[in-house]
Amino acid sequence: MDTVPDILKVSILGRESIHCGFHLIPYIARTVLTTLPASVYVLVTDTNVAQFYLSAFEKAFNAEISKLSSAKPRFLSRVILPGETTKCREGKADIEDFLLLERCTRDTVILALGGGVIGDLVGFVAATFMRGVRFVQIPTTLLAMVDSSVGGKTAIDTPAGKNLIGAFWQPEYIFIDAAFLESLPEREFSNGMAEVVKTAAIWDETEFTSLETNAQLIYNAIRTPSTGYAGRHISTRSTSQSLLLSVIRGSIYVKSHIVTIDERETGLRNLVNFGHTIGHAIEAVLTPHMLHGECVSIGMIFEAEVARGMGVLKQVAVGRLVRCLRAYGLPVSLADQRVSRCPGARGLGVDRLLDIMRVDKKNSGPQKKVVILSRIGATYEQKATAVDDAVIAKVLSEAATVKVDLSITPGTQHVKMATPGSKSISNRALVLAALAQGTCRLKNLLHSDDTQVMMAALQELKGASFAWEDGGETLVVTGGAGALQVPTAGTEIYLGNAGTAARFLTTVCALVSPSAATNAGTATVITGNARMKQRPIGPLVDALRANGSEITYNESEGCLPLSIAPKGLQGGVIRLAASVSSQYVSSILLCAPYARKAVTLELVGGAVISQPYIDMTIAMMRTFGVIVTRDPGTDVYRIPQGTYVNPAQYAIESDASSATYPLAIAAITGTTCTLENIGSASLQGDARFAVDVLARMGCKVVQTANETTVTGPKRGELKAIGEVDMEPMTDAFLTCGGKGNTTRIIGIANQRVKECNRIKAMIDQLAKFGVQTKELDDGLEVYGRPFNTLTRGASVHCYDDHRVAMAFSVLGTIVPDTIIEEKRCVEKTWPNWWDDLENKIGLKVGGIELPRAESSTAATSGTPSPAASASVILIGMRGSGKTHVGTLASATLSRRFIDADTYFEAKHNIGVREFVRVNGWPAFRAAETENLKEIIQEAGTGHVISMGGGIVETPQARDLLKNYAKTGPVVHVLRDIEEIVSYLGDETARPAYGEPITEVFKRREPWFVECANYDFINHITVDGGEATNAEISRFFKHITGQPNLAENVAAGKRSYFVALTYPDVMPALRHMPDITTGVDAVELRVDLLRAPDALGAIPSQAYVTAQVAALRRATSLPIIFTVRTKSQGGAFPDSSEKDAFELLGLALRLGVEYIDVEISASERLITELAARKGFSQIIASWHDWSGKMKWNEDVVRSKYALASRLGDIVKIVGKADTLQDNFALHDFVAKANLQRGAKPIIAINMGVEGQMSRILNATLSPVTHPLLPSKAAPGQLSFAQIQKALNLLGQLPARRHFLFGNPIAHSMSPTLHNAGFEVLGLPHTYELLETANVGEELKATLAAPDFGGASVTIPFKLDVIPLLDKLSPAADAIGAVNTIIPIIEGGNRILYGDNTDWLGIRESIRSRAPSIGAPAAALVIGAGGTARAAIFALQSLGAQRYLPARALVEAFPDAPVKLIETLDAWPAEGPAPTVIVSTTPLLMLAKSAAPKWARVMGVEVLLEQGYHVMSKSVLEKYFAAA
């Protein structure tokens, strides 16, 4: 066998030391031994790489050593743990100790075989061992080949950051063996391609163009094993292998050239950090879940957008970069599901990312250094450029605001610009050019999400090839003449929310002939995002099916995804309903020439919508060589058979719909705007907007064939135009809807089925500005107001719709502080809209970071695509309590409640029972399903929705619910079936089932389980009181992003959980208040549960559900759900992993806060569980009962790294044999906590010898209690025992607490507090300090080092305030202090004053009237401190109006208060109060005047329960008597 390979060499720093090829192991051994003589050769690798290549290296080196005639050197190997955690001081010392132990000397040669971690670590060892020894880089990952191995950078990580300690140390050789990539996971290959794309982007456009067009060919090189050492010689090298090696060599060449010029990174070398400034910050938050290259990929797009925002880079380049990175499977935005599923995704706030970027070696001073592209293949400067934080923040922010500039003098500003290419024409041109024969150069193509998915789909279908010219300004399309193929089996064509692409491609896919199905899948599947799966495509599918096409709906009837069989298009007569979308018509027109027979297309079913778009399609078909005729006076089109012929060049008009926005800005601000490449000769209907609409509104409009100029009147002087029919330009209606006075817009019914229901969106969002509207059958009326009376600060929800975002940004130019959420949705048609607003139109645009759901490190909202604001849908049997639960949940969440029955009756003007009687059940089910679809579309966020019990009866409705569950919570409300039967016996509002209720339940129960992703257990008849209300609050807050997590799981605090060891918790519920005293959570050991009649070791899901529900009623503490296996010290069978994960999945459905998952389980199952964990947190645990595990060994670091990657909290449990084992544990935890982004860790040793570790553990220490039947583990201590031990160890010093006041001699507070301290094992005391005034004695007490806190009562609540350093918001607002706490702030001890009176008032209202939620209005009687506390409590509940005494109006200037001067009548403009809080005796009055109001003792609170308000005359008499 010839082992001499063909090598490609690259020079760096004057030496050809980089050798590239395939199957190089023998060559490496021979080259190293002959050119680098040494006494010892040491190969260092990790366990992952060793299993593939270590034996081959040992064999090759030993073979070459045996040939040496001189003294034979030693060949040693050292295998270490993989992963970033090994690249640390300890990892470096481990290798150095090995070298010293093996008596290695200064002539040693070290070989680094592995990825970037191995190269960095081993290189740093080589740089420092014996003051520097020779080393060789043998990278095994693509990322290491093209990046970390080249340039001589070596380093280790520290707790302060990555790569902060290291050296420049150049390797003697870098061997690039591309055959190693065949064993590399595909995700890791893509990870490396990010660096390859980066290098081409900054340096070589030709190389970038090759990467753009050859992704599939490059992937083939690693997907096809090179058997028989294929590729070692050029003669055996495949085209894919040659291309791959060329790409790698090209990328290495660029970096080598830069390193040679700037070895020490003083300027030019910074260029290879393109994407890294922002990418590294993202990586710091998401590691280890996202790879380096994936984060850099996102960083490149962000940094390219920074360059675009600076006016340096064109959108064409950004679009090319996006497409290229996507072609290699890389994420390009933070909205990518791979990002959103990461546990740390919610930490990607703008401020946090900017803070991380501050620690960057490139920075100089406060400004960030960013590599700015000027075009593909070149940078703005030959170094990183200083960029202000505000510029970066604007790009990173998810929302935008347009700054109002009132200084612009009307008529003085004239903007000239061109809008991006037309989306409609771009998509049609792509389809036509791809189906045509020959080559066409498309000019002014829209570079956006829509065109990107269209191009990607056509490439998947092998319908055309694409290349770029003129720096990306021209797309060269080589058509396939109608030849199409089914994509590779298992490949879906994903279209996002691109409706045009979805409709056009449905017919394009139907063109695929049966012969094209070979070597591919059996059908073409096209799919999209959640909204695309709601948009209709049924009429088009119906027409194609009737013509013989075989199309299947994979989910919901009438919507994507579709499975389209390769049968070809039959042709002949095709009848199509065209009243919903003209795109259906265009889809068939575009593909008709390739049918087996000439097509006669008949449009039926009512008036055809958007005729100008049909005319556009026909005109463009004519340009490509096919002439369509229309029968006079009909909607019948005749399309001949034929093949399109590509014109040499086709220029795409600017987008007329997009043009409406800058023209509208001119109209609304009184300025002038001229748009080029759009005029009266346009193919697009929206080009008429300026003449037909803006001119009528008072604008001066000048339009030529190719140019449109609009000059607006003075600001605020636009005229109302009455009625306007926008049917020819429906997409432009949003621009018209935001201005003027009363305007009636008609002809736009199709806007309900666009990216969102745009009519409903306009109505809802205009309401935020105070603009009233009225919905019409085919449009809406807008009742305009003067612009200076519009509500400021509105936050506009855009429904992921580009047109909504751009339209409201127009309104934002005159309404200050308007926020446009989801700003990135404009990327569909005008990706650089926000940049053009600033750079071309001259308006200032800012970035806005929207509030995030509170969820420490929780990952997502319980589904793969998280949405904490998503509406909650309730399903379940009739009588299960959905309305009751939903009403309370909506109050808790401050959301609107929708009852589907009420919605149905309002829509159909008939009761449900009567509808069924008249129309029958099938008609009702169909209408109910349609209602569900509408509700999801129109109320998909911010609502609680209760559906009818039979909503799951039809497959279509079940599909809708299952699809929704991917983005939001669907809750199955469960109630005992016997209770339901009893309840329904008396219920008459709904129609009778006509069959036994129990049979209905048996049929529906599996469907409820199938459709829901959460279960809520409703125990109405068990207690029906505060426990149920509290659980409703906890559960629904949990599933919407406000989980009930343990507050003390935080740095500097101690937290505990009690481990329940009952087989059945029911008998122990009455003891739960005692058992849980002092702890932060309660662990339910599911593996120990046993039903009384159970035979097996695995408890049933029903039994576990009942246990969780019972525990919820007994304690409000978060639950830790644990299924401990026998091998890990529990009772669950090790062989029943599937059963264990079904129980863990049940915990997610029940909204359990913490789920203990053993990392010894299948990583695939753990990852799948974590992907749907919602706002629950995973405790990734490992228990070693053998006593062999040592805390200073690699195995613990390995388990920690794995647990840290998989969980939110790490739990490692060992066994102590000596006291020293506890010290080793403590050292391990201390080092782990120093790591950046370290997760909370539970680390303990079992056994009596390990009790010290339990005492010192800070996070969720497991404790026992004397009332438990047994301890959960040997050596477990009680909470009180741990507190006493902490005191003895000096970790919990005794503190003195006091009651300040006078007179207080008879207070029971010391008795209560000291009894509590004793029970909890705390060393503190509570004493009385009665003084005549706030004098020196009290001051000395506050200053004492052992002061632990104080309660303050009369008369000192005001007098103590000057002695305090800081007040809580409550104390500041109420104006009095009743609690003093010493806290540490900024390293200093300060005295913090609080007032807790308001908490009692708030909880009284919540517990007695949870359905009130945010009171519409509240009356406060009194004017003292307690009345102030009442106002603060009502503010916290979100009360909309307060009706207090005058003094309180002055005390709360920012509250929505209305002073009551008299009780003759409530304020006319508002509702009567539903809550009355009095600080004067009111109970007797309440008993006589309002017997049906609930009363709360203490501070007197009256709560309306849905009956009548208190008589005003009685109140008057009461106040008169007072």
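What counts, and where the lines are drawn
Residues numbered from 1 in each chain as written. Predicted model: local features only at pLDDT ≥ 70, side-chain atom pairs only at ≥ 80, totals over all residues. Heavy atoms only, no water. Salt bridge = Lys/Arg side-chain N within 4 Å of Asp/Glu carboxyl O. Helix = DSSP H or I, 4+ residues; strand = E, 2+ residues; numbered from the N terminus. Buried < 20%, exposed > 50% of the residue type's maximum accessible area, 1.4 Å probe, protein only. Pairing = 2+ DSSP bridges. Contact = heavy atoms within 4.5 Å. Axes fitted to C-alpha atoms, helices over the stretch in contact; angles between N-to-C directions. Core = buried A, V, L, I, M, F, W, Y, C linked by side-chain atoms within 4.5 Å. 1 Å grid on protein atoms, 1.4 Å probe; cavity = no way out; pocket = protein on both sides within 12 Å on 5 of 7 lines; lining within 4 Å. Points joined across faces, edges and corners; volume = space filled by probe spheres on them. Nonpolar A, V, L, I, M, F, W, Y, C, P; charged D, E, K, R; others polar. pLDDT = per-residue confidence, 0-100. Disulfide = S-S within 2.5 Å. Phe/Tyr/Trp six-rings, centres within 6.5 Å; stacked < 30°, edge-to-face > 60°. Lys NZ or Arg CZ within 6 Å of the ring centre and 35° of its normal.

**Some details on the pattern of salt bridges**
Then comes step 1: Taken as a whole and judged by the stated rule, the model has 73 salt bridges.
Then comes step 2: In this structure, Glu96 engages Lys92 in a salt bridge whose closest nitrogen and oxygen atoms are separated by 2.5 Å. Taken as a pair, Glu96 and Lys92 lie in helix 3 (residues 89-101) at a separation of four residues, close to a single helical turn. You'll find Glu96 and Lys92 in the same group, each marked buried.
Then comes step 3: Here Glu999 and Lys1002 are joined by a salt bridge, their closest N and O atoms 3.8 Å apart. Of this pair, Glu999 and Lys1002 both sit in helix 34 (residues 997-1011), three residues apart, which is roughly one turn of the helix.
Then comes step 4: Within this structure, Glu84, Lys87, Asp120 and Asp157 form a network of salt bridges that share partners.

**Concerning the sheet that holds strand 53 (residues 1347-1352)**
Then comes step 1: Strand order in the open sheet formed by six strands is 52-51-53-55-56-54, and the pairing between neighbours is mixed. Either end of the sheet is taken by a strand with one partner, and the two such strands are strand 52 (1325-1330) and strand 54 (1366-1367).
Then comes step 2: As judged from the seven bridges shared by strand 55 (residues 1379-1385) and strand 56 (residues 1388-1394), these two strands associate in the antiparallel manner. If you follow Ile1383 over to strand 56, its bridge partner there is Ile1390.
Then comes step 3: Here helix 44 (residues 1309-1320) sits on the sheet and contacts strand 51 (1296-1301) and strand 52; the angle it forms with strand 52, its principal contact strand, is near 160 degrees.
Then comes step 4: Packing of helix 45 (residues 1336-1343) onto the sheet brings it into contact with strand 51, strand 52, strand 53, strand 55 and strand 56, and relative to strand 51 it is tilted by some 150 degrees.

**Some words on the nonpolar core**
Burial of nonpolar side chains together is a common tendency in soluble globular proteins.
Then comes step 1: With 117 residues, the main nonpolar core has Phe57, Phe189, Leu211, Ile248, Leu321 and Tyr328 as its most contacted residues.
Then comes step 2: Each residue touching Leu211, except ones within four places of it in the same chain, is listed here: Met193, Val196, Val197, Ala200, Ile218, Val247, Cys324 and Tyr328.
Then comes step 3: Within the second largest apolar cluster, 80 residues are counted, among which are Met455, Ile564, Tyr613 and Val626.

**Here we look at the sheet that holds strand 32 (residues 742-746)**
Then comes step 1: In space, the four strands of this open sheet follow the order 31-32-34-33, with mixed pairing throughout. For this open sheet the edge positions go to strand 31 (722-725) and strand 33 (772-776), each flanked by a neighbour on one side alone. For this sheet, the mean angle separating the axes of adjacent strands, direction not counted, is 15 degrees.
Then comes step 2: As paired elements, strand 31 and strand 32 share four bridges and run parallel to each other. What sits directly across from Gly722, in strand 32, is Thr743.

**Some points on the pairing of strand 2 (residues 15-21)**
Then comes step 1: Burial of strand 2 is extensive: five of the seven residues sit out of reach of the surface.
Then comes step 2: Across four bridges, strand 1 (residues 8-12) lies against strand 2 in antiparallel orientation. Residue Ile12 lies in a different strand from strand 2, and its bridge partner there is Arg15.
Then comes step 3: Hairpin remark: strand 1 followed by strand 2, antiparallel, with two residues in the connecting loop; positive phi at Leu13, about 55 degrees.
Then comes step 4: In this sheet, strand 9 (residues 173-177) lies alongside strand 2 in parallel orientation, the contact comprising four bridges. Bridge pairing in strand 9 links His19 to Phe175.

**Some thoughts on the layout of surface pockets**
Then comes step 1: One number sums up the size of the second largest pocket: a volume of about 1,100 Å³.
Then comes step 2: In terms of lining residues, the second largest pocket is bounded by 30 residues, among which Gly1052, Lys1053, Leu1292, Arg1295 and His1324 are the most central.
Then comes step 3: Breaking the lining of the second largest pocket down by element, the ones donating at least two residues are helix 43 (1279-1288), helix 44, strand 53 and strand 55.
Then comes step 4: Counting residues per element, the lining of the second largest pocket draws most heavily on strand 55, at six residues.
Then comes step 5: Along the lines of polarity and charge, the residues of the lining of the second largest pocket split into 15 nonpolar, 10 polar and five charged.

**A closer look at the environment of Tyr650**
Then comes step 1: Structurally, Tyr650 is set in strand 27 (residues 649-651).
Then comes step 2: Of the residues examined, Tyr650 reaches a relative accessible area of 10% and is grouped as buried.
Then comes step 3: It is 8.1 Å that separates the C-alpha atoms of Tyr650 and Ala429, two residues lying 221 residues apart in sequence.
Then comes step 4: Each residue touching Tyr650, except ones within four places of it in the same chain, is listed here: Ile425, Ala429, Cys440, Arg441, Leu442, Lys443, Met620, Thr623, Phe624 and Leu683.

**So, the confidence of the model for the protein**
Then comes step 1: On average, residues of the protein score 87 in pLDDT, and 90% of them reach the 70 mark or higher.
Then comes step 2: Segment residues 853-866 is flagged for pLDDT under 50; beyond a separation of four residues in sequence, or across chains, it makes 69 contacts in the model.
Then comes step 3: Note on residues 1497-1522: pLDDT is under 50 here. Beyond four places in sequence and across chains, it has 74 contacts.

**Some remarks on unusual backbone geometry**
Then comes step 1: With an omega of 0 degrees, the peptide bond running from Leu560 to Pro561 counts as cis.
Then comes step 2: In this structure, Pro561 sits in the loop between strand 21 (551-553) and strand 22 (562-564).
Then comes step 3: Note that the residue after Ile1354, namely Pro1355, is joined by a cis bond; omega there is 10 degrees.
Then comes step 4: Within the secondary structure, Pro1355 sits in the loop between strand 53 and strand 54.
Then comes step 5: In this model, Lys462 sits at a positive phi of 55 degrees, which is unusual for a non-glycine residue.
Then comes step 6: Topologically, Lys462 is positioned in the loop between helix 17 (449-460) and strand 17 (464-469).
Then comes step 7: Not every positive phi belongs to a glycine, and Asp800 is a case in point at roughly 60 degrees.
Then comes step 8: Tracing the backbone shows Asp800 in the loop between strand 35 (795-796) and helix 26 (802-811).

**A few points about the state of the cysteines**
Then comes step 1: In the structure shown here, the tally under the stated rule is zero disulfides.
Then comes step 2: Free cysteine: Cys756, not disulfide-bonded; nearest cysteine sulfur from Cys798 at 9.0 Å.

**So, the packing of aromatic side chains**
Centre distance and the angle of the planes are the two values used to describe a pair of aromatic rings.
Then comes step 1: Under the defined criterion, the tally for this structure stands at 28 aromatic pairs.
Then comes step 2: Note on Phe52 and Tyr53: the rings are 5.9 Å apart at their centroids and 40 degrees apart in plane angle, and the pair reads as tilted.
Then comes step 3: For Tyr53, a relative accessible area of 14% puts it in the buried group.
Then comes step 4: Look at Phe1298 and Phe1300: their rings are 6.1 Å apart centre to centre, the planes differ by 25 degrees, and that puts the pair in the stacked class.
Then comes step 5: By the ring-pair criterion, three or more aromatic residues cluster together here, those being Phe52, Tyr53, Phe57 and Phe180.
Then comes step 6: Above the face of the Phe124 ring, Lys92 is positioned so that its terminal group lies 4.7 Å from the ring centre.
Then comes step 7: Arg958 extends its terminal NZ or CZ atom over the ring of Trp1007, reaching a point 4.3 Å from the ring centre.

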